[in-house]
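Tertiary structure, described
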Protein chains: 2
Amino acid sequence: MSDLTTFLDGFDERDWQTATAADGPVRFAMVGVGWWVTDQAAPAVTASELCETTALVSRGKEKAAAAAADLGVEHGLSSKEFRDGVAAEDYDAVYVCTPNATHLETVEAAAELGKPVLCEKPMEASTERAEAMVEACEAADVPLMIAYRMQTDPAVRRARELVSAGAVGDVAHVHGHMSQSLLRDIFSDPDQWRLNPDLAGPGASVTDLGVYPLNTTRFVLDADPLAAQSMLYSEHEGFEDVPDERAAFTVRFPDGVFASFSASQRAHETGFLRIVGTEGEIALDPAFFNRNDAGLTVARGDQTADIDFDSVDQMEEEFDYFADRLLTGRKIYPDGTHGVTDIRAVEAILAGETATRSL
Amino acid sequence: MSDLTTFLDGFDERDWQTATAADGPVRFAMVGVGWWVTDQAAPAVTASELCETTALVSRGKEKAAAAAADLGVEHGLSSKEFRDGVAAEDYDAVYVCTPNATHLETVEAAAELGKPVLCEKPMEASTERAEAMVEACEAADVPLMIAYRMQTDPAVRRARELVSAGAVGDVAHVHGHMSQSLLRDIFSDPDQWRLNPDLAGPGASVTDLGVYPLNTTRFVLDADPLAAQSMLYSEHEGFEDVPDERAAFTVRFPDGVFASFSASQRAHETGFLRIVGTEGEIALDPAFFNRNDAGLTVARGDQTADIDFDSVDQMEEEFDYFADRLLTGRKIYPDGTHGVTDIRAVEAILAGETATRSL
């Protein structure tokens, strides 16, 4: 009983934090002023313990200045000003939230300025470009973190600890899914960049959503994928240029662990992750979306524990984790090399449907 | 509200039943006296409204007679006596629950006696033998039903109605899993027939467990599979002769519906089915096992309904459904041809791992 009490008391504790507000803040330039920055990232940083936003960067000066004024941020910079190092003394790190296929150039610019980088997922449009991003940051000796916000979600961290402690025995199967209705619920404009391969890279659902169950599984199992199969489908309006309005993909992890994943940008908004082992199972349901009704269920033999909790703001946790790492000089877990593995998997999954047997 | 009330009131109603006890009973000979017959099927028939067990059949006379005495059944017959038609006037139909790869000969014997057949799943060890079973029953003009007990499970039937009524919009993704610890929790003898290809057919997990999510999905979607991919793994003691200690397989249904399935005979006992559409989702969790804590969750947009109910005995429902069909001369839904489709899929899934891309 005391074990469970300890588990519950420590549930959303920041087991990764050693820095305090007195050590900070880490001041951010945020590149990209889309809804994720204005509605999610910037408010999270405002609420955070260790971070502050001091510059917003957009292609055009006007848009950047308007967003900065709107959010009460000191500097609104054009991309050119950012590249030229304008106001660089007023920020310590760069958050990259531009369209996927433009991450590399933005990260290269940040690296040239000597600024540590927190880059949104998916990391880039190809393995080659993702690797170039790692090289740019290594050459400039700046830390690079990929923004896998699930890795600082307390429920996901507790799931990883449980798996590591043998709570489910040997993991045998994983199921994970993430979907949303991109054009109906999020953006009404079918011309938006997430469906444009020039800006988003080769996919829409695997790249933007499928990486959540994939990367979260890697984190929870502490293992990297070995091989993948996929089935792809695109049929509806807006998805003409991408292969994966829907994608189902199976990923093999070491020791014969099979992960059955799926993702769609044109379906009911839902997400879950379920891990079945020889002795028990863990379910995160719902999972992946940044909202409050998160749940964690752990079953072992005939016993089941349902843990309800108020989820933390995933973006706030993520920014403070990155800041903590910068302030204490410690190693970042989801670094660029870690991110490249996902891009390699995404490329393989999107390269076309793998062989099927007709029935 | 009245809609929901009607839905809940009718939840476990037998929407398929028109016969009454006065029309019956249908008297069964059960072939095979393993635990499924003694612990599940025979008690279910005893509790049923329309059925009765009047004969038990086993290879040896002694075992059959002992089981019959034990369960208070009139006749205990050897297989030879059964084939010779001993006591055939005392039963109306035959339930086949022998090892999978022996179903055909038993069904042929029943058909020769002119008896309608309820045959356990998986139907047979190969498509060829499953087709021969259909032909034998057609030639003898006897009805053949495959014992998919999920198809008369009220939660599964309500799920099918909800999908058909458009509750989740167009179905996009399905996830389904079933696992149990065969050698630890169910049979301690590693020599048991389910792991012997000569008796069980070419697989252990896909054939015995994987058919549950597969067939239930077919029933709920009212659709048949078009293509499959698979990953297979066998490593542990007892699974030397089968390829699928664990199997993950993706099945394509019409209209780009992808079903991500998995099954294992060496994992925590658990099962679930989740159907995600463009407008909502349905979850049966737990699913497949014949137990009382079944649940059905329906989400549509921002609304969610969790329906808890005491599950009926799936075997009792199934036997009464078959009897009702026989007594009223109506068409059986999961007939032999329906079953052949699963065997064809199982064969394709087990033919060896389909192509993967290395990562």
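Residues numbered from 1 in each chain as written. Chains lettered and ligands numbered in written order. Predicted model: local features only at pLDDT ≥ 70, side-chain atom pairs only at ≥ 80, totals over all residues. Heavy atoms only, no water.

We count it as follows: UniProt positions are given in the numbering used here, feature names are shortened, and annotations may be inferred rather than shown by experiment.
If you check an unreviewed UniProt entry, chain A appears there as Glucose-fructose oxidoreductase from Halarchaeum nitratireducens. Recorded in UniProt under Sequence similarities (unreviewed entry), the annotation for chain A is "Belongs to the Gfo/Idh/MocA family."

A word on the overall build of chain A
The cut-off we apply is this: The secondary structure listing takes helices from DSSP runs of H or I that are at least 4 residues long and strands from runs of E that are at least 2 residues long, numbered from the N terminus. C-alpha atoms define the radius of gyration, and 2.2 Å times the number of residues to the power 0.38 defines the globule rule. Contacts: residue pairs with any heavy atoms within 4.5 Å of one another. Note on areas: Shrake-Rupley with a 1.4 Å probe; residue coverage comes only from the protein chains shown.
Looking only at helices and strands, one finds twelve helices and 15 strands in chain A. Against the compact-globule benchmark of 21 Å for 359 residues, chain A has a radius of gyration of 20 Å, which places it among compact chains. Along the first, second and third principal axes, the C-alpha set of chain A runs to 60 × 55 × 40 Å. Across chain A, the fraction of contacts at a sequence separation of at least 24, relative to all contacts at a separation of at least 6, is 68%. Per element, the accessible surface of chain A, about 13400 Å² overall, is 46% carbon and sulfur.

Side note on the domain arrangement of chain A
All names here are of chain A. Going by this rule: Segmentation of the chain into domains, including their bounds, is taken from an automatic or database domain assignment. Throughout, buried area stands for the accessible area (probe radius 1.4 Å) lost by two parts on being put together, summed over both. When a carboxyl oxygen of Asp or Glu lies within 4 Å of a side-chain nitrogen of Lys or Arg, that pair is called a salt bridge. Identification of polar contacts relies on pairs of N or O atoms within 3.5 Å, with a donor-acceptor requirement for protein atoms, meaning one able to donate a hydrogen and the other able to accept it, and with residues adjacent in sequence counted only if both atoms are side-chain atoms. Residues are grouped as follows: nonpolar covers Ala, Val, Leu, Ile, Met, Phe, Trp, Tyr, Cys and Pro; charged covers Asp, Glu, Lys and Arg; every other residue, Gly included, is treated as polar.
Assigned domains of chain A: these are domain 1 (14–148) and domain 2 (154–311 + 333–351). A separation of 25 Å is found between the C-alpha centroids of domain 1 and domain 2. If you look at the interface, domain 1 gives 22 residues, while domain 2 gives 29 residues. A combined buried area of about 2000 Å² lies between domain 1 and domain 2, and 59% of that area is made up of carbon and sulfur atoms. The salt bridge partner of Asp-208 is Lys-121, with a shortest N-O separation of 3.6 Å. Along the contact surface separating domain 1 from domain 2 lie eleven residue pairs in polar contact (both at pLDDT 80 or more). Per element, the largest residue contribution to the side of domain 1 that touches domain 2 is four residues, and it comes from helix α6 (residues 127–140). Of the residues assigned to the side of domain 1 that touches domain 2, the class counts are 13 nonpolar, five polar and four charged.

A word on the interface of chain A and chain B
Every contact between the two is made by 61 residues of chain A and, on the other side, 61 residues of chain B. Here chain A packs against chain B, burying approximately 4900 Å² in sum over the two surfaces, 55% of which is carbon and sulfur. The largest per-residue losses of area from chain A upon contact with chain B belong to His-268, Arg-357 and Leu-359 of chain A, which jointly make up 17% of the total buried on that side. For the pair chain A and chain B, the number of links is six salt bridges. Among the ionic pairs, Asp-285 of chain B bridges to Arg-274 of chain A, the shortest N-O distance being 2.6 Å. Inspection of the chain A/chain B interface yields 36 residue pairs in polar contact (both at pLDDT 80 or more).

Some words on the sheet that holds strand β6 (residues 144–146) of chain A
All names here are of chain A. Under the convention used in this document: Pairing between two strands requires that DSSP report at least two bridges joining them. To obtain an axis, a line is fitted to C-alpha atoms, over the contacting stretch when the element is a helix, and the angle between two such axes runs from 0 to 180 degrees between their N-to-C directions.
Read across the open sheet, the six strands follow the order β3-β2-β1-β4-β5-β6; overall the sheet is parallel. Two strands lie at the open edges of the sheet, namely β3 (75–78) and β6, each paired on one side alone. Averaged over neighbouring strand pairs, the angle between their axes works out to 25 degrees when direction is ignored. Two elements, strand β4 (residues 93–96) and strand β5 (residues 117–119), share three bridges in a ladder whose sense is parallel. Following the sheet pairing, Tyr-95 is matched in β5 by Leu-118. Its contacts with the sheet place helix α11 (residues 314–328) against β1 (26–31), β2 (51–58), β4, β5 and β6, and it is angled at close to 125 degrees to β1.

What about the packing of helix α10 (residues 205–221) of chain A against helix α12 (residues 336–350) of chain A?
All names here are of chain A. Put simply, the test is: Each angle gets one of four labels, with under 35 degrees taken as roughly parallel, over 145 as roughly antiparallel, 65 to 115 as roughly perpendicular, and the rest as oblique. What makes a crossing left-handed is the near helix being turned counterclockwise from the far one by less than a right angle; a clockwise turn instead makes it right-handed.
Where α10 meets α12, the closest approach of the two axes is 10 Å, and the angle between their N-to-C directions is 125 degrees. Between α10 and α12, the interaxial angle falls into the category oblique. As α10 packs across α12, the resulting crossing turns out to be right-handed. Contacts between α10 and α12 involve Val-206, Thr-207, Val-211, Leu-214, Asn-215 and Arg-218 on the former and, on the latter, His-338, Thr-341, Asp-342, Ala-345, Val-346, Ile-349 and Leu-350. Per-class residue counts for the contact of α10 with α12 are seven nonpolar, four polar and two charged.

A word on a negative patch on the surface
All names here are of chain A. Rules: Exposure above 30% relative accessible area and the absence of a salt bridge qualify a residue for a patch, where like charges join within 9 Å and nonpolar side chains (Val, Leu, Ile, Met, Phe, Trp, Tyr) within 5 Å. A residue counts as positive if it is Lys or Arg and as negative if it is Asp or Glu; His and the chain ends are not included. Charged side chains are reduced to one point each, which is NZ for Lys, CZ for Arg, CG for Asp and CD for Glu. Any residue under 20% of the maximum accessible area for its type is buried, any over 50% is exposed, and the rest in between are partly exposed; the area is computed with a 1.4 Å probe on protein chains only.
Together, Asp-9, Asp-12, Glu-13 and Asp-310 make up a region of like negative charge exposed at the surface. Within the secondary structure layout, Asp-12 lies in the loop between α1 (2–9) and β1. Residue Asp-12 is classed as partly exposed on the basis of its relative accessible area of 41%.

Digging into the relation of the copies chain A and chain B
We count it as follows: For the least-squares superposition of copies, only C-alpha atoms count, and only for residues with pLDDT at least 70 in both.
The two copies are related by a screw operation: chain A maps onto chain B through 180 degrees of rotation and 0.0 Å of translation along the axis, at an RMSD of 0.0 Å. A rotation of that kind, with that shift, is consistent with a two-fold axis.

Points about helix α6 (residues 127–140) of chain B
Residue and element names in this part refer to chain B. Using the following cut-off: Multiplying 1.5 Å by the residue count of a helix minus one yields the expected span of that helix.
Taking 1.5 Å as the rise per residue, α6 with 14 residues should run 20 Å; its terminal C-alpha atoms sit 20 Å apart, in good agreement. Considering only its buried residues, α6 is in contact with α5 (103–112), β5 (117–119), β6 (144–146) and α12 (336–350). Two residues or fewer past α6, Asp-141 is found with a positive phi of approximately 55 degrees.

Some details on the UniProt feature "domain: Gfo/Idh/MocA-like oxidoreductase N-terminal" (unreviewed entry) in chain A
Residues given the UniProt feature "domain: Gfo/Idh/MocA-like oxidoreductase N-terminal" (unreviewed entry) here are residues 26–147 of chain A. Along residues 26–147 of chain A, the helical share is 43% and the strand share 23%, with 16 Å between the first and last C-alpha atoms.

Some points on α11 of chain A
All names here are of chain A. The first and last C-alpha atoms of α11 sit 21 Å apart over 15 residues, in line with the 21 Å expected at 1.5 Å per residue. Taking burial as the measure, the 15 residues of α11 include eleven buried ones, the bulk of the element. Turning to α11, its buried residues are Gln-314, Met-315, Glu-317, Glu-318, Phe-319, Asp-320, Tyr-321, Phe-322, Ala-323, Asp-324 and Arg-325. At the N-terminal boundary of α11, the capping side chain belongs to Asp-313, with an oxygen 2.9 Å from the backbone nitrogen of Met-315. Among the residues trailing α11, Gly-329 stands out with phi positive, at a value near 65 degrees.

A look at the packing of aromatic side chains
The condition is simple: For this analysis, a ring pair means two rings from Phe, Tyr or Trp (six-membered ring only for Trp) whose centres lie within 6.5 Å, classed as stacked if their planes differ by under 30 degrees, edge-to-face if by over 60, and tilted for the remaining angles. Criterion for a charge above a ring: Lys NZ or Arg CZ within 6 Å of the ring centre, and within 35 degrees of the ring normal.
Inspection of every chain in the model, using the stated rule, returns 25 aromatic pairs over all chains. Taking the centre distance of 6.5 Å and the plane angle of 90 degrees together, the rings of Phe-258 of chain A and Tyr-233 of chain B count as edge-to-face. In this pair, Phe-258 of chain A is assigned in strand β10 (residues 257–264) and Tyr-233 of chain B in strand β8 (residues 227–233), connecting two distinct chains. Stacked on the ring of Tyr-91 of chain A, the Lys or Arg Lys-115 of chain A has its end atom at 4.9 Å from the ring centre.

A look at the pattern of salt bridges
Residues and elements named next belong to chain A. Under the definition given, this model contains 52 salt bridges over all chains. Measuring nitrogen to oxygen at the nearest pair gives 2.9 Å for the salt bridge that ties Glu-161 to Arg-158. You can see Glu-161 and its partner Arg-158 sitting in helix α7 (residues 154–164), three residues apart, about one turn around the helix. A relative accessible area of 4% places Arg-158 in the buried class. Residue Arg-194 is joined to Asp-208 by a salt bridge in which the shortest nitrogen-to-oxygen separation is 3.9 Å. Separated by 14 residues along the polypeptide, Arg-194 in the loop between α8 (182–186) and α9 (197–200) and Asp-208 in helix α10 bring together distant segments of the chain.

Observations concerning the environment of Pro-225 of chain A
Tracing the chain through its elements places Pro-225 of chain A in the loop between α10 and β8 (227–233). Along the sequence, Pro-225 of chain A and Thr-341 of chain A sit 116 residues apart, while their C-alpha atoms lie 8.1 Å from each other. In this structure, Pro-225 of chain A is in contact with Leu-214, Arg-218, Val-251, Arg-252, Phe-253 and Thr-341 of chain A together with Leu-359 of chain B, ignoring residues within four places of it in sequence.

Notes on the sheet that holds strand β2 (residues 51–58) of chain B
Residue and element names in this part refer to chain B. Taken in spatial order, the six strands make up an open sheet running β3-β2-β1-β4-β5-β6, and their pairing is parallel. In this open sheet, the two strands that pair with only one neighbour each are β3 (75–78) and β6. Averaged over all pairs of adjacent strands, the angle between their axes in this sheet comes to 25 degrees, without regard to strand direction. Here strand β1 (residues 26–31) runs beside β2; their pairing, made up of six bridges, is parallel. Looking at β2, one finds that Arg-27 is bridged to Glu-52.

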